[in-house]
Amino acid sequence: MTKRNLNETFLPLYNRLSVAYSLTELKQNPHAGLWYEKFCHQWTWDTDKKTGEIIGVKLDKNKRKWIETVTKAPVGDEKRISQSVERLKWLVQERKGEFFHMKTTSRLIPGMGRSHPVENGIIWHPTLGVPYLPGSSVKGLVRAWATSYASEGTDEWREKNEIISRIFGPEESDRRAGSVIFFDALPIRPLQLEMDIMTPHYQEYYKNPKQNSPREWESPNPIPFLTVAEEQPFIFAIAPRRLNDKHDLDKVINWLKEALVWIGAGAKTAVGYGRFEEIKI
């Protein structure tokens, strides 16, 4: 492939000479999410194994190097985070709501399904540049926990279902809003991030389980991904949609705390990720 064809085929990509090598080299507390999502500089050419022709770009083993650019120091501007947390507290108090603090007791992966060059993304707050849990995710977590209490079809289930529909809103075509507002769960200080690795052993089986069986002789495929470290504190907040809905808050707070402790938030909760415990601040 000629140089001219390369220029016509590929978009310009950053390299180590055109941008800083890591986030810590930048000044004035940069937006870590923008850096991680848009300024990857570890690309290499991907060539056809038979012809040697360039067919694209790839990260391959450089995925780990790129993840490590945001794990060397906590991400986020402490002043901006503090101001956002104080604004959230003020808003919640004005609406007669409640807030409390929890810290991670295992690694947290919010937004793992987001598209990203390293295969597994993470969700970043649009202005603070730190991972967070959107209010919609918090609401879904609590609803899932609340619906797991009673067996379907029983009187207890019917009563519980009425309460759940009132608090969260009905799942059917009726678009009535629920009685409780769920706010984004924000970190209360800059977050320490860490790299983790999962190692699937049966790549061909996972690609097409109907055609391939899991074979012990397949090579493991280490896949690095970004996580929020343990011991990172967050603030969770809810508020009544109307003043006469305030009686639902205590029930929702209990459900939320139980869900964060027992089933966790984010991805890979089935293997222990995303667990929290309450802290007093």
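The shown structure was predicted, so the numbers you read here are calculated from the model rather than taken from an experiment. (Residues numbered from 1 in each chain as written. Predicted model: local features only at pLDDT ≥ 70, side-chain atom pairs only at ≥ 80, totals over all residues. Heavy atoms only, no water.)

We now examine the overall build of the protein. The helix and strand inventory of the protein stands at eight helices and nine strands. A buried classification covers 43% of the 281 residues belonging to the protein. Of all intrachain contacts in the protein linking residues separated by at least 6 positions in sequence, the fraction that spans at least 24 positions is 72%. Accessible surface, the protein: about 16400 Å² in total, of which carbon and sulfur atoms supply 49%. (Helix = DSSP H or I, 4+ residues; strand = E, 2+ residues; numbered from the N terminus. Buried < 20%, exposed > 50% of the residue type's maximum accessible area, 1.4 Å probe, protein only. Contact = heavy atoms within 4.5 Å. Areas by Shrake-Rupley, 256 points an atom, 1.4 Å probe, with all protein chains shown as cover.)

Turning to the side chain of Gln232, a few remarks are in order. Relative to the helices and strands, Gln232 resides in the loop between strand 7 (223-228) and strand 8 (233-240). For Gln232, the side chain forms a polar contact with the main-chain oxygen of Glu230, separated by 3.0 Å. Residues in contact with Gln232, not counting those within four places in the same chain, are Met102, Lys103, Thr104, Arg189, Pro190, Leu191 and Gln192. (Polar contact = N/O pair within 3.5 Å; in protein donor to acceptor, adjacent residues only side chain to side chain.)

Here the focus is the packing of aromatic side chains. With the rule as written, the count across this model stands at nine aromatic pairs. Relative to Phe276, the ring of Phe234 lies with its centre 5.9 Å away and its plane at 80°, an arrangement referred to as edge-to-face. Taken together, the residues Phe234 in strand 8 and Phe276 in strand 9 (residues 276-279) connect sequence positions 42 residues apart. In this structure, Phe234 and Phe276 share a single accessibility class: buried. Chaining the aromatic ring pairs together yields one cluster made of Trp35, Tyr36, Trp66 and Trp124. The residue whose ring lies beneath Lys257 is Phe100, and the NZ or CZ to ring-centre distance is 4.9 Å. (Phe/Tyr/Trp six-rings, centres within 6.5 Å; stacked < 30°, edge-to-face > 60°. Lys NZ or Arg CZ within 6 Å of the ring centre and 35° of its normal.)

Before going further, it helps to spend a moment on the nonpolar core. Judged by nonpolar contacts, the single largest core of 59 residues is most densely connected at Tyr36, Phe236, Trp255 and Phe276. Among the elements that line this core, the one with the most residues is helix 8 (residues 249-262), at seven residues. With five residues, the next largest nonpolar core counts Ile109, Phe225, Ala267 and Tyr273 among its residues. (Core = buried A, V, L, I, M, F, W, Y, C linked by side-chain atoms within 4.5 Å.)

Before going further, it helps to examine the confidence of the model for the protein. Parts of the model with low pLDDT should not have their predicted coordinates read in detail. Confidence in the prediction of the protein, expressed as mean pLDDT, is 83, and 86% of residues score 70 or more. Across the protein, element-level confidence peaks in strand 5 (residues 186-187) with a mean pLDDT of 98 and bottoms out in helix 1 (residues 3-9) with 44. When the criterion is pLDDT under 50, residues 1-10 qualifies, and its contacts beyond four places in sequence or with other chains add up to ten contacts. (pLDDT = per-residue confidence, 0-100.)

Turning next to the pattern of salt bridges. Applying the stated rule across the entire model yields ten salt bridges. Where Lys89 meets Glu86, a salt bridge forms, and the shortest distance between an N and an O atom there is 3.7 Å. With Lys89 and Glu86 both in helix 4 (residues 78-94) and three residues apart, the pair spans about one turn of that helix. We classify Lys89 as buried; its relative accessible area is 19%. Among the ionic pairs, Arg166 bridges to Asp248, the shortest N-O distance being 2.6 Å. Taken together, the residues Arg166 in helix 6 (residues 155-168) and Asp248 in the loop between strand 8 and helix 8 connect sequence positions 82 residues apart. In the salt-bridge network here, residues are joined through shared partners; they are Lys103, Glu231 and Glu277. (Salt bridge = Lys/Arg side-chain N within 4 Å of Asp/Glu carboxyl O.)

The end-to-end C-alpha distance of helix 4 is 24 Å, a good match for the 24 Å that 17 residues give at a rise of 1.5 Å each. Those residues of helix 4 that fall on the buried side of the exposure criterion are Ile81, Ser84, Val85, Leu88, Lys89 and Val92. The buried residues of helix 4 occupy one face: seen down the axis, they fall within an arc of 140°. Away from the buried face of helix 4 by more than 90 degrees, exposed residues Lys79, Arg87, Trp90 and Glu94 are located. Structurally, helix 4 contributes buried residues whose contacts are with strand 3 (98-104), strand 5 and strand 8. (Expected span 1.5 Å × (residues − 1). Arc of directions from axis to C-beta.)

Okay, helix 5 (residues 135-146) next. Between its first and last C-alpha, helix 5 extends 16 Å over twelve residues, near the 16 Å set by a 1.5 Å rise per residue. Buried within helix 5 we find Gly135, Val138, Leu141, Val142, Arg143, Trp145 and Ala146.

The next subject is the environment of Val252. Turning to its location among the elements, Val252 is positioned in helix 8. The spacing of Val252 and Val180 is 72 residues in sequence and 8.3 Å in space, taken between C-alpha atoms. Ignoring any residue separated from it by four or fewer positions in sequence, one finds Val252 in contact with Val142, Ile167, Val180, Phe182 and Ile238.

Glancing now at the side chain of Arg143. Mapped onto the secondary structure, Arg143 falls in helix 5. Taking the relative accessible area as the measure of exposure, Arg143 reaches 15% and is therefore buried. At 2.8 Å, the side chain of Arg143 forms a polar contact with the backbone oxygen of Gly169. When neighbours within four sequence positions are excluded, Arg143 is seen to be in contact with Ile164, Phe168, Gly169, Pro170 and Glu171.

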